[in-house]
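Examining the three-dimensional arrangement
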Amino acid sequence: MANELTIKDLHISVQGNPIIKGLNLSVQQGEIHALMGPNGSGKSTLAKGLMGHPLYEVDSGEVIFDGVDVLELEPNERAKLGLFLAFQYPTAIPGVSLANFLRLAVSAVRGKEANGSEKDGLIPMREFRRELREKMQQLGVDDSFARRYLNDGFSGGELKRAEILQLAMLEPKIAILDETDSGLDIDAVRIVGESVSQLIGPDLGVLIITHYPRLLDYIRPQFVHILLDGRVVESGGWELTQVLEAEGYDPIREKHGIDE
Amino acid sequence: METSEKNAMEELGISKDYQYGFHDDIKPTFKSRKGLDESVINQMCDIKGEPDWMRQYRLEAYKIFRQKPMTRWGGDLSQLDFDDIYYYVKASDRSERSWDDVPDDIKKTFDRLGIPEAERKFLAGVGAQYDSEVVYHNIVEELDKIGVVFLDTDTAIKEYPDLVKKYFGTIIPSADNQFAALNSAVWSGGSFVYVPPGVKVEYPLQAYFRINSENMGQFERTLIIADEGSQVHYVEGCTAPTFSSESLHSAVVEIVCMKGSRVRYTTIQNWANNVYNLVTKRAFAYEDAQMEWVDGNLGSKLTMKYPSVYMMEPGARGDILSIAFASKGQHQDAGAKVYHCAPHTTSQITSKSISKDGGRSSYRGWVDVAKGAKGCKSHVVCDALILDKHSRSDTYPVIEIGENDTNIEHEARVSKIGEEQLFYLMSRGLSEEEASTMIVNGFIEPLVKELPMEYAVEMNRLIQLQMEGSVG
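What you see as residue numbers is a count from 1 along each chain, following the sequence as written. Here the convention is simple: chains get letters from A, ligands get numbers from 1, in the order in which they are written. Where local features are concerned, this predicted model is filtered to residues with pLDDT of at least 70; where side-chain atom pairs are given and counted, the filter is 80 or more; whole-chain, interface and lining totals use all residues. Side-chain measures were taken over the full set of non-hydrogen atoms in the model, leaving aside hydrogen atoms and water.

Let us now look at the overall build of chain B. Note on conventions: DSSP H or I runs of at least 4 residues are helices, E runs of at least 2 residues are strands, and numbering of each starts at the N terminus. Scanning chain B for helices and strands turns up 13 helices and 21 strands. Categorising residues by exposure relies on relative accessible area from a 1.4 Å probe, with only protein chains included: less than 20% of the type maximum marks a residue as buried, more than 50% marks it as exposed, and the intermediate range marks it as partly exposed. Counting every position in chain B, which comprises 472 residues, the buried fraction comes to 59%. Long-range pairs, those at least 24 residues apart, make up 84% of the contacts in chain B between residues at least 6 apart in sequence. Here, two residues are considered to be in contact whenever any of their heavy atoms come within 4.5 Å of each other.

Residue and element names in this part refer to chain A. Like-charged residues are merged into a patch within 9 Å and nonpolar side chains (Val, Leu, Ile, Met, Phe, Trp, Tyr) within 5 Å, provided each residue has over 30% relative accessible area and no salt bridge. Surface accessibility follows the Shrake-Rupley procedure with a 1.4 Å probe radius. Residue values consider only the protein chains on display as shielding. Salt bridge, as applied in this entry: a Lys or Arg side-chain nitrogen positioned within 4 Å of an Asp or Glu carboxyl oxygen. Think of it this way: Lys and Arg go in the positive column, Asp and Glu in the negative one, and His and the chain ends go nowhere. Working definition for charges: the position is that of NZ of Lys, CZ of Arg, CG of Asp or CD of Glu. A contiguous patch of positive charge on the surface is contributed by R126, R129, R130 and R133. By secondary structure assignment, the location of R126 is in helix α4 (residues 125–138). You can call R126 exposed: its relative accessible area is 74%.

Bringing the pattern of salt bridges into the picture now. Applying the stated criterion across every chain, the model contains 34 salt bridges over all chains. Across the salt bridge formed by A:E171 and A:K135, the nearest N and O atoms sit 3.5 Å from each other. With A:E171 in the loop between α5 (156–170) and β7 (174–178) and A:K135 in helix α4, this residue pair connects regions lying 36 residues apart in the sequence. A salt bridge links B:R413 to B:E411; the shortest N-O distance between them is 3.5 Å. Judged by relative accessible area, which is 29%, B:E411 ranks as partly exposed. Taken together, the shared-partner salt bridges in this structure form one network comprising A:R110, A:E131, A:K135 and A:E171.

Before going further, it helps to spend a moment on the interface of chain A and chain B. The partner chain B presents 18 residues to the 34 residues of chain A that form the contact. Between chain A and chain B lies a buried interface of about 2,100 Å² when both sides are counted; carbon and sulfur atoms form 67% of it. Inspection of the region where chain A meets chain B yields one salt bridge. For B:R428, the salt bridge identified is with A:E163, shortest N-O distance 2.6 Å. Contributing elements (two or more residues each) for the side of chain A that touches chain B: α1 (43–51), α2 (75–81), β6 (83–86), α3 (98–110) and α5 of chain A. Considering every element that reaches the side of chain A that touches chain B, the biggest residue donor is α3(A), with six residues. Taken together, the residues of the side of chain A that touches chain B break down into 22 nonpolar, eight polar and four charged. Two parts lose some accessible area (1.4 Å probe) when they are put together, and adding that loss for both gives the buried area. Nonpolar residues are Ala, Val, Leu, Ile, Met, Phe, Trp, Tyr, Cys and Pro. Charged residues are Asp, Glu, Lys and Arg, and all others, Gly as well, are polar.

Here the focus is the sheet that holds strand β10 (residues 262–271) of chain B. Residue and element names in this part refer to chain B. Read across the sheet, eight strands follow the order β5-β7-β10-β12-β15-β17-β19-β21 without closing on themselves; strand pairing throughout is parallel. Since the sheet does not close on itself, it has two edges, and those belong to β5 (205–206) and β21 (406–416), each with one partner. Sheet topology note: the strand β15 (residues 317–326)/strand β17 (residues 346–355) ladder contains 10 bridges and is parallel. Across the sheet, the residue bridging to A326 is S355, located in β17. In this description, a line fitted to the C-alpha atoms serves as the axis of each element, helices being fitted only across the stretch in contact, and the angle between N-to-C directions of two axes falls anywhere from 0 to 180 degrees. Sheet strands in contact with helix α13 (residues 453–467) are β5, β7 (231–237), β10, β12 (290–299) and β15, and its direction is about 30 degrees off that of β10. Strand pairing is assigned whenever DSSP detects at least two bridges linking the two strands.

Keep in mind that these numbers describe shape and distance, not what the molecule does.
Encoded structure:
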């Protein structure tokens, strides 16, 4: 049965400032949702809060996935539960190769039992390499990526492709893409968009957070939500993106009595 | 023990009732009494059967040692009691410990480091039979064919007296510093390496293999001579904790890099927490020669170590890469010194330190460019990683430039493990400890990638062990 990520009346503040103010949203495995909102509406706060960033304080509300209270969990436990966040600004870890990092991450997320008889609990090297190579080929990522230090000196496009590669390797149940299209030129958006669309299937639920619909040309969402002032104020289908494209956020702001 | 040997020992007044090691129930070994005077040195020379020149050298060094005031810079040496130390242990008896005597936590550490059984016994100082002894003999045979000498220094004095005498103490004279004087007076063991002109030794020479030959001494003395156009990589130490019942380790390492030669000297040491590790390491690099020190310091109570390169002739190059890991109750005062004595010489110092659980690491560096040494380049990078607010890191760089036409760069950075880095890695399934360990391993990667494979693997595991329990 498909699991559902359910967010109920969520309130998140950053350094005492309330940013998310009573947000409700549900995303099921196999569904694609787009959450659209202007700068400052709370998009990234929601993304980091859902993944458990220590600086993003959850004041009230609940987040349930697979029957588990997500808010009680450390970020790594959320990852093991099947949540994934593709970062807007991935952090560099100098000296750690992408391959070494991914082997540890994949092993951690799948659990020791799944990794066969390896003493250290890691997925066997051969198996891991084969899988990594396959995924890299599938996503059109260059072989040299694996040996490079994680996000260290990566271009904007490389950073996002590395995020998508991690998504592919970690095989989450729900992936949150935090402004994955930001800072990319039109070709890079296409490449990233096509990569993500390859990974979409009945086991993956996706929440695409963006303020600009161009990524959605490649990953067509079934559900579109508008985020304003820390709340989902409108939900609908693809047509909502068309409205936004034509009119911008102002009419919606007006409708809901929200100041810019 | 042979009766005659026993009698000789008794005549020399050497105590035979000292129980070396962890346990009482083991064979007695021979040790000089605690403390140091001329008679102790004379006893040592008698037992070793050393030539007179070495005896005179030791006695002269002893005088210098007595004249030198206590070192007052670097770390805190006030607890170091020279009278409470055994200065000579007859080394062939050193390994008479039983595996059963080795404490469980040490055995566990070996286990965690994945060190093979035979090597564990060596590292714990037990078991005179070690498989790699065979390997060592094979290597020595190979080396013989190409004219390379690789011996412990005591044996080298007997077999190559002229060669040793010519260079011994010329790079680091007894009067250089208090601990060089002490080492010169009481040294035992260490390695002697001579590489003939044009010979390139293809594999690293590892002190590792030479377990029954006094290598892991307290006051070892190493001398490496790389003749013109030769190449050699020497590796000493091991990532496993080195257990010593003695609280002072004071080695001297002298290296001569002749014209066009290339020497790399790699050290990874992890001393027990009671040890003062006070080591003098220096190389002279002549025309177009290249000297590289790769130095990893873990453990000990206090380490003071500043590998140095004197670039004596044009085209010489000195590279020093060091990592220090200071944990609870530890002070790593490490660094590097480079002396540009000739024009067009180049040096690079890369120093990385990690401080955790109240540990303190200091970088102490010296860059010197002599007057007239035109066109020299030196690049110094100091990176410190501080893991918690109880820990400390300092840098004490000195730059002395006697020449305008020179290019010196110094960069220093202090960083903490960033919340964003931790969150990023944890969001991918790593625990906080795994994430911190990964960040630290990444930080020391520039050193680790220079290590021979087996050391690199152990080094990463060791960092993992050091990081265990460091996260709430």
